[in-house]
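# Examination of the molecular architecture
Here are the chains, one letter per residue:
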Amino acid sequence: MLQLLEKFLEGELFRSICTAVLTLVIGVLLIRFVMQVLNKTLEKSRLEKAAHSLIVSLARVALYLLLGLSVASSLGIDVTGIVALASVLTLALSLALQNILANVIGGFTILYTHPFHSGDYVEIAEQGGTVREINMTYTILTTPDNKVVSIPNSAVVAAQITNYSAADTRRVEVVVSASYDVPTQKVIDALALAGTMDNVLLDPAPRAVVTNYGESAISYSLRIWVKTGDYWDVYFAVNQRVKDIFDEQGIAMTYPHLNVHLDKGI
């Protein structure tokens, strides 16, 4: 029995097992170290948090697969066939899940290029809403009326994206019309007064201009700048304020109408 044990300890199989165990232990320790470094790096990066868990998971799977192949090779197992089989299975799986893979790739593209972030108000392919979440297959928006819309990431990447929250300021524009009978300067002064209110920025200064001469009215535009977060509050408030000031100053807003003149025959 002792002679058999000595032969086993001196044999190639024992050395292979020792090498495999040593490779496994060192590999596990290295993977843990790499994962700690990766986690710290991702925490300091600008990537969305939605991408962190996926990147960490993919890295962990890839590293343990490499470790498994290394251990198998240490045991004298030919891994060439395993790699070839894995390649075929990967190709078949990618063809079967090509839509999902396209969304995953789209998710990485969004997280790398940063066209928007969580909390931004955006318009994607004419669908507007606040970005609630960016996961690896869908971008989820919450609409102003509290509907939840999920858009595939592949469609997001291919669509035109308008980000209303990207800049610190936005311009509020109110378009009104007034009669030709009212002096243009009076209307401009009234609009300028309407644009003087809380949360309106003074640089650039509010500006009222004539924009068009219509068939029965003159069109005016009041343009004011506000912080992005104040946009809707100011927009609604200034619309109401314009009407109140027009009423106070006797400026009538016109509407489409038709004047018919009848000549009384003799």
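## Some thoughts on the overall build of the protein
The helix and strand inventory of the protein stands at eight helices and eight strands. Expressed as a percentage of the 266 residues in the protein, the buried residues total 29%. Long-range pairs, those at least 24 residues apart, make up 62% of the contacts in the protein with a sequence separation of at least 6. As displayed, the protein has an accessible area near 17,900 Å², and 60% of this comes from carbon and sulfur atoms.

## Description of the confidence of the model for the protein
Considering every residue of the protein, the mean pLDDT works out to 81; 78% of them sit at 70 or more. Between residues 1-5, whose pLDDT stays under 50, and residues either more than four places distant or in other chains, the model counts zero contacts.

## Considerations on helix H7 (residues 184-194)
All buried positions along H7 are accounted for by Val187, Ile188, Ala190, Leu191 and Ala194. Projection of H7 onto a plane perpendicular to its axis shows the buried side chains occupying an angular sector of 160 degrees, all on one side. Buried residues along H7 sit in contact with strand S6 (169-178), strand S7 (207-213), strand S8 (218-227) and helix H8 (231-248).

## A word on the side chain of Asn163
Note that Asn163 resides in strand S5 (residues 161-163). Engagement of the side chain of Asn163 in a polar contact is seen with the side chain of Asp120, the distance being 3.1 Å. One polar contact links the side chain of Asn163 to the main-chain amide nitrogen of Ala166, over a distance of 3.2 Å. Sequence-distant contacts of Asn163, defined by excluding residues within four places in its chain, comprise Pro115, Phe116, Asp120, Tyr121 and Val122.

## Focus: the nonpolar core
Residues Val172, Val187, Leu191, Tyr220, Leu222, Val242 and Phe246 are the most contacted members of the largest nonpolar core, which totals 24 residues. Listed by contribution, the elements that provide at least two residues to this core are S6, H7, S8 and H8. What Val187 contacts, discounting residues up to four positions off in sequence, is Ala178, Val182, Tyr220, Phe246 and Ile251. Judged by nonpolar contacts, the second largest core, of eleven residues, contains Phe116, Ile134, Leu141 and Ile151.

## Considerations on unusual backbone geometry
Residue Asp203 is joined to Pro204 through a cis peptide bond whose omega torsion reads 0 degrees. Within the secondary structure, Pro204 sits in the loop between H7 and S7. Positive phi, normally seen in glycine, also occurs at Ala125, with a value near 50 degrees. The topology assignment puts Ala125 in the loop between strand S1 (121-124) and strand S2 (127-134). We classify Ala125 as exposed; its relative accessible area is 53%.

## Some remarks on the packing of aromatic side chains
This structure, assessed with the given rule, holds seven aromatic pairs. An angle of 50 degrees between the planes, with centres 5.8 Å apart, marks the rings of Tyr121 and Tyr164 as tilted. With a gap of 43 residues between them, Tyr121 in strand S1 and Tyr164 in the loop between S5 and S6 connect regions that are remote in the sequence. Among the residues examined, Tyr121 registers a relative accessible area of 24% and is labelled partly exposed. Owing to a relative accessible area of 26%, Tyr164 belongs among the partly exposed residues under this scheme. Connected via pairs of aromatic rings, a cluster forms that spans Tyr231, Trp232, Tyr235 and Phe236. The residue whose ring lies beneath Arg170 is Tyr231, and the NZ or CZ to ring-centre distance is 3.7 Å.

## As for the packing of H7 against H8
Between H7 and H8, the shortest axis-to-axis distance is 9 Å and the interhelical angle comes to 135 degrees. As far as their axial angle goes, H8 and H7 are oblique. Remark: the crossing between H7 and H8 carries right-handed chirality. Contacts between H7 and H8 involve Val187, Ala190, Leu191, Leu193 and Ala194 from the former and Val238, Arg241, Val242, Ile245 and Phe246 from the latter. A breakdown of the residues in the contact of H7 with H8 according to their chemical character gives nine nonpolar, no polar and one charged.

Here is what the cut-offs are and how they apply
- Residues numbered from 1 in each chain as written.
- Predicted model: local features only at pLDDT ≥ 70, side-chain atom pairs only at ≥ 80, totals over all residues.
- Heavy atoms only, no water.
- Helix = DSSP H or I, 4+ residues; strand = E, 2+ residues; numbered from the N terminus.
- Buried < 20%, exposed > 50% of the residue type's maximum accessible area, 1.4 Å probe, protein only.
- Contact = heavy atoms within 4.5 Å.
- Areas by Shrake-Rupley, 256 points an atom, 1.4 Å probe, with all protein chains shown as cover.
- pLDDT = per-residue confidence, 0-100.
- Arc of directions from axis to C-beta.
- Polar contact = N/O pair within 3.5 Å; in protein donor to acceptor, adjacent residues only side chain to side chain.
- Core = buried A, V, L, I, M, F, W, Y, C linked by side-chain atoms within 4.5 Å.
- Phe/Tyr/Trp six-rings, centres within 6.5 Å; stacked < 30°, edge-to-face > 60°.
- Lys NZ or Arg CZ within 6 Å of the ring centre and 35° of its normal.
- Axes fitted to C-alpha atoms, helices over the stretch in contact; angles between N-to-C directions.
- Parallel < 35°, antiparallel > 145°, perpendicular 65-115°, else oblique.
- Left-handed = near helix turned anticlockwise from the far one by under 90°.
- Nonpolar A, V, L, I, M, F, W, Y, C, P; charged D, E, K, R; others polar.

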